[in-house]
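# Descriptive structure summary
As a plain string of letters, each chain reads:
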Amino acid sequence: MLTEQENERFTRVGRGTPMGELLRRYWHPIAAETEFDDISIKPIRLMGEDLVLYRDEGGTFGLVDRHCPHRRADMSYGFVEECGIRCNYHGWKFDETGRCIAQPFEDSVNPNSRFKDQVPITAYRVATKAGLVWAYLGPEPAPLIPTWEPFTYDNGFCQIAFSDIPCNWLQCQENSIDPVHFEWLHNNWSMVLSGQKGPYAPTHKKISFEEFDYGFGYHRLLENEDETNFNWLLQRLCILPNLFLPRTHFEWRVPVDDEKTLSVVWNYTRVPRDCEPYKQDKIPYWYAPITDPATGRWITSHVINQDTVAWVGQGTVAERNLEHLGRGDRGVIMLRRQLELDMQAVAEGRDPKGIIRDEAANVCIDLPGNRRELFLAGLEREDWLRQFALATKNNPGDYFSLLVGQPPHIREAFAKAVGL
Ligand code: FES
Ligand SMILES: [Fe+2]
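Our subject in this report is the structure included herewith.

Moving on: the packing of helix H5 (residues 181-193) against helix H7 (residues 303-313). Interhelical geometry of H5 versus H7 gives an angle of 120° and a closest axis separation of 10 Å. Regarding H5 and H7, the two cross each other, and that crossing is right-handed. Facing H5, whose interface residues are His181, Leu185, His186 and Trp189, H7 presents Val303, Gln306, Asp307 and Ala310. The class makeup of the residues in the contact of H5 with H7 is 4 nonpolar, 3 polar and 1 charged.

Pairing of strand E12 (residues 204-212) with strand E13 (residues 215-222) involves 8 bridges; the strand directions are antiparallel. Of the residues in E13, the one forming a bridge with His204 is Leu222. Counting the residues that bridge the hairpin from E12 to E13 gives 2 residues.

Let's shift gears to unusual backbone geometry. Following Glu140, the chain continues to Pro141 via a peptide bond in cis, the omega torsion being 0°. By the secondary structure assignment, Pro141 is in the loop between strand E10 (132-136) and strand E11 (156-165). For the bond running from Gly198 to Pro199, omega is 0°, close enough to zero to count as cis. Assignment of secondary structure puts Pro199 in the loop between H5 and E12.

The rules behind the values
- Throughout this description, residue numbers start from 1 for each chain and increase along the sequence as written.
- Note on labels: chains are lettered from A, ligands numbered from 1, in written order.
- At least 70 in pLDDT is required for a residue's local features to be given in this predicted model, at least 80 for side-chain atom pairs to be given and counted, and no such filter applies to totals for whole chains, interfaces and linings, which use all residues.
- Only the contacting stretch of a helix is used when fitting its axis, a line to C-alpha atoms as for every element, and angles between N-to-C directions run 0 to 180 degrees.
- The way it works is that DSSP assigns letters per residue, a run of H or I at least four long becomes a helix, a run of E at least two long becomes a strand, and they are numbered from the N terminus.
- Put simply, a crossing is left-handed when the front helix is turned counterclockwise from the back one by less than a right angle, and right-handed when it is turned clockwise.
- Residues are treated as contacting if the C-beta atoms built from their backbones sit within 7 Å of each other.
- Classification used: nonpolar for Ala, Val, Leu, Ile, Met, Phe, Trp, Tyr, Cys and Pro, charged for Asp, Glu, Lys and Arg, polar for all others including Gly.
- Pairing between strands is defined by DSSP: at least two bridges between the two strands are required.

Set out below in structure tokens:
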């Protein structure tokens with residue numbers, strides 16, 4: 001349990017707040033590269049800051065203030081050129097470093113003026129990796145964007161799905177280190193939602209947590225399993241500050257502001273062996289709905305939709321002063337302790353846990369659990385189909401088990417890649 005003041009400290013993400021400063025030490029995924037096949041400018045709200053992400057005609061991404069420094073026009077209605085973004089109101093133009101590079105009227109009446117040098121627009125670092133566009137809003141020198149090992153896997157069909165979540169980021173991330181919820185929120189609730197009354201899923205007989213360089217891993221053991229079982233051997237990872245890696249998909253909980261979160265899911269599906277070699281040119285993206293328009297209620301059919309029901313159900317910002325933690329919540333306590341240590345580290349000018357600055361170490365970051373061996377070996381078609389049927393058993397015929405709403409063109413591309 002936290003006090004109200006502690007809860008505020010953990011959940012406020014604005015610039016100058018302890019958590020806002022901690023979060024600004026890490027890169028955050030904010031868009032898919034393929035979104036910019038169709039658009040060149042996108043408004044973004046990130047940690048309470050209103051920004052505009054653009055890709056100019058030269059292919060360079062920029063992330064600048066939503067408002068033009070001239071008279072505050074909305075830069076998301078600007079337009080891009082070979083280099084930079086131009087405000088639609090009076091044509092001032094800026095490059096990705098924020099430098100003003102043109103002021104058409106001022107330039108013509110006073111070509112020698114140095115006015116341009118005095119009016120940069122706020123600009124942040126932006127870069128691409130794994131089909132995602134990443135932003136860094138912290139001080140220099142910026143760390144590296146981690147090359148998590150699944151980013152380097154081959155023979156896979158990847159996709160990126162976003163959802164807009166109307167609650168604070170931390171309650172989403174606390175779900176990343178919550179082993180027991182699988183039994184209830186996913187297994188038993190899915191059974192009840194399907195109209196059955198039982199039997200309930202096997203109960204947990206043991207959970208354990210361990211720390212590693214970038215966060216925590218947890219193992220869970222069910223009553224019908226022993227320690228040779230996959231659930232026990234392959235820990236699920238809660239990576240600092242806002243990332244969850246259960247198996248071969250990532251879930252980032254990107255803080256939009258104190259009351260909103262962008263859920264970013266990056267999923268890798270290894271193709272069956274008979275579809276090798278498979279090479280994907282571009283990683284497609286989609287936006288997943290979370291509300292059922294027919295009822296106005298949250299969608300409950302898919303795994304991450306179920307998680308979403310739990311997150312938003314805790315309130316816009318969970319009132320942690322009213323909670324009662326038990327032994328199943330040990331992971332949540334570990335995460336909070338680490339975040340507290342990291343807020344202190346940042347206040348003292350040190351790096352928080354999990355910051356990567358060494359290029360050599362970032363070629364491929366191996367994660368605990370021999371994941372490479374498990375996921376790169378691949379499966380023969382029969383075994384692959386068996387696993388796929390198991391993963392999609394709650395929504396048979398659906399090709400994506402995590403979120404509802406996979407668009408037909410991605411379904412088709414997936415089917416082609418895996419030979420369905
Ligand atoms: S407000 Fe942007 S150029 Fe005038
Ligand atoms: Fe879950």
